[in-house]
Amino acid sequence: MLIHPWDAAHDAGEWRDWLARHDFGQLAVNGLPGEPPWVQPMHFRYDSGPGPYGTVLAHLARPNPLWRALEENRAVVLSVVDDYAFIPGPWSAPEGTPPEHGTPTSFYAAVQLVCTAHVVDDPAEKAELLNRQVAHFQPEGGTAPVTPGESPFGRLLPGLRGLRLDVTGVRAKFKYANQKPEPVQHRIAEALTHRNAPGDPQAHTHQLRRRPPR
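Just so it is clear, the structure is predicted and the values come from calculations on it, not from any experiment.

A. Up close: the pattern of salt bridges. Under the counting rule described, the total for this entry stands at 11 salt bridges. Put simply, Arg21 and Asp17 hold a salt bridge, and the shortest N to O gap is 3.0 Å. Judged by its relative accessible area of 43%, Asp17 falls in the partly exposed class. A salt bridge links Arg132 to Asp47; the nearest nitrogen and oxygen atoms lie 2.4 Å apart.

Right, here's the structure in full:
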């Protein structure tokens with residue numbers, strides 16, 4: 001992923017805060033020799049510690065075909081993309097040029113976590129992992145805890161495998177044209193507000209938030 005200096009995260013706090021609110025992504029696993037990579041959509045829980053970049057918790061069904069490839073190569077990437085919007089060319093045309101000379105582009109936020117994957121098969125460890133995931137997505141409660149050998153969910157544990165991803169590197173990008181001249185940025189912001197399509201409010205918020213201080 002190309003990251004220009006003006007698109008890079010301002011600091012680790014920016015991407016960590018964004019990731020805390022975006023917890024669905026795609027896990028990319030290297031394929032076996034001669035095979036393409038496996039890409040698995042999934043919910044996950046990101047914890048900021050331990051380690052310099054934190055840890056990801058997830059689980060997948062035991063019959064999932066990616067396990068063999070994952071056990072061959074534990075180096076994976078978890079990719080999360082959201083808050084995206086298409087920007088028509090006329091919106092970004094330089095001042096004093098015809099609108100049709102503007103270049104269409106995309107706005108988006110993306111965080112890619114480079115990880116080392118660890119498979120969790122111990123029943124007690126799997127139960128703890130699942131309970132921590134539920135606590136993240138369902139803090140209000142309402143679901144019985146997972147306890148090995150006990151109903152209602154203990155019997156389902158053998159059908160799942162847990163994943164702990166130790167994050168070893170981060171690539172974060174917030175592409176919202178903050179390198180453009182202020183009049184162009186203002187025009188784009190107004191156009192996003194007027195169009196108000198899915199994703200536009202979030203893109204508008206990021207664009208304003210990342211503007212350099214005056």
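B. Representation of the sheet that holds strand β6 (residues 105–120) within the structure. Taken in spatial order, the seven strands of this open sheet run β2-β1-β5-β6-β7-β4-β3, and their pairing is antiparallel. The open sheet has two edge strands with one neighbour each: β2 (38–43) and β3 (45–47). When the angles between neighbouring strand axes are averaged without regard to direction, this sheet yields 30°. Across the sheet, helix α5 (residues 200–209) lies against β5 (75–87), β6 and β7 (160–175), angled at about 95° from β5, the strand it touches most.

C. Molecular detail of the side chain of Arg45. Relative to the elements of secondary structure, Arg45 occurs in strand β3. Within the local environment of Arg45, its side chain forms a polar contact with the backbone oxygen of Arg132, the two atoms lying 2.7 Å apart. Ignoring any residue separated from it by four or fewer positions in sequence, one finds Arg45 in contact with Thr55, Val56, Leu57, Arg132, Gln133, Ala135 and His136.

D. Expanded view of the pairing of β7. As paired strands, strand β4 (residues 55–61) and β7 are joined by seven bridges and run antiparallel to one another. In the strand pairing of β7, Leu57 is matched with Arg164. Looking at chain direction, β6 and β7 are connected through 13 bridges and run antiparallel. Counterpart to Val120 in the pairing with β7 is Gly162.

E. Quick look at α5. Where α5 is concerned, the buried positions are Asp200, Ala203, His206 and Gln207. For α5, the arc enclosing every buried residue in end-on projection is 125°, short of the 170-degree limit, so these residues lie on one face.

F. How the structure looks around the nonpolar core. Ranked by size, the top nonpolar core spans 40 residues in total, and within it Leu19, Leu113, Leu163 and Leu165 carry the most contacts. Contributing elements (two or more residues each) for this core: α1 (12–20), β1 (24–29), β4, α2 (66–72), β5, β6, β7 and α4 (182–195). With six residues, the top contributor of residues to this core is β6. The contact partners of Leu113, leaving out residues within four places of it in the chain, are Trp15, Leu19, Tyr46, Val56, Val76, Val77, Leu78, Val167, Gly169 and Val170.

Definitions and cut-offs
- Counting restarts for each chain, with residues numbered from 1 along the sequence as it is written.
- Local features in this predicted model are restricted to residues of pLDDT 70 or higher, and side-chain atom pairs are both shown and tallied only at a pLDDT of 80 or more, whereas totals for entire chains, interfaces and linings draw on every residue.
- As a rule here, side-chain values come from all non-hydrogen atoms in the structure, and water together with hydrogens is ignored.
- We define a salt bridge as a side-chain nitrogen of Lys or Arg found within 4 Å of a carboxyl oxygen belonging to Asp or Glu.
- Relative accessible area decides the class of each residue, using a 1.4 Å probe on protein chains only: under 20% of the type maximum gives buried, over 50% gives exposed, and in between gives partly exposed.
- By the convention used here, strands pair only if DSSP detects at least 2 bridges between them.
- Note on conventions: DSSP H or I runs of at least 4 residues are helices, E runs of at least 2 residues are strands, and numbering of each starts at the N terminus.
- To obtain each axis, a line is fitted to C-alpha atoms, and for helices this fit is confined to the stretch in contact; angles are then taken between N-to-C directions over 0 to 180 degrees.
- The contact criterion used throughout is that any non-hydrogen atoms of two residues lie within 4.5 Å.
- Pairs of N or O atoms within 3.5 Å make up the polar contacts considered here, provided that, within protein, one atom can donate a hydrogen while the other can accept it, and that residues adjacent in sequence are counted only when both atoms are side-chain atoms.
- The reported arc concerns the directions from the helix axis to the C-beta atoms and nothing else.
- In this description, a nonpolar core means a group of buried Ala, Val, Leu, Ile, Met, Phe, Trp, Tyr and Cys residues linked to one another through side-chain atoms lying within 4.5 Å.

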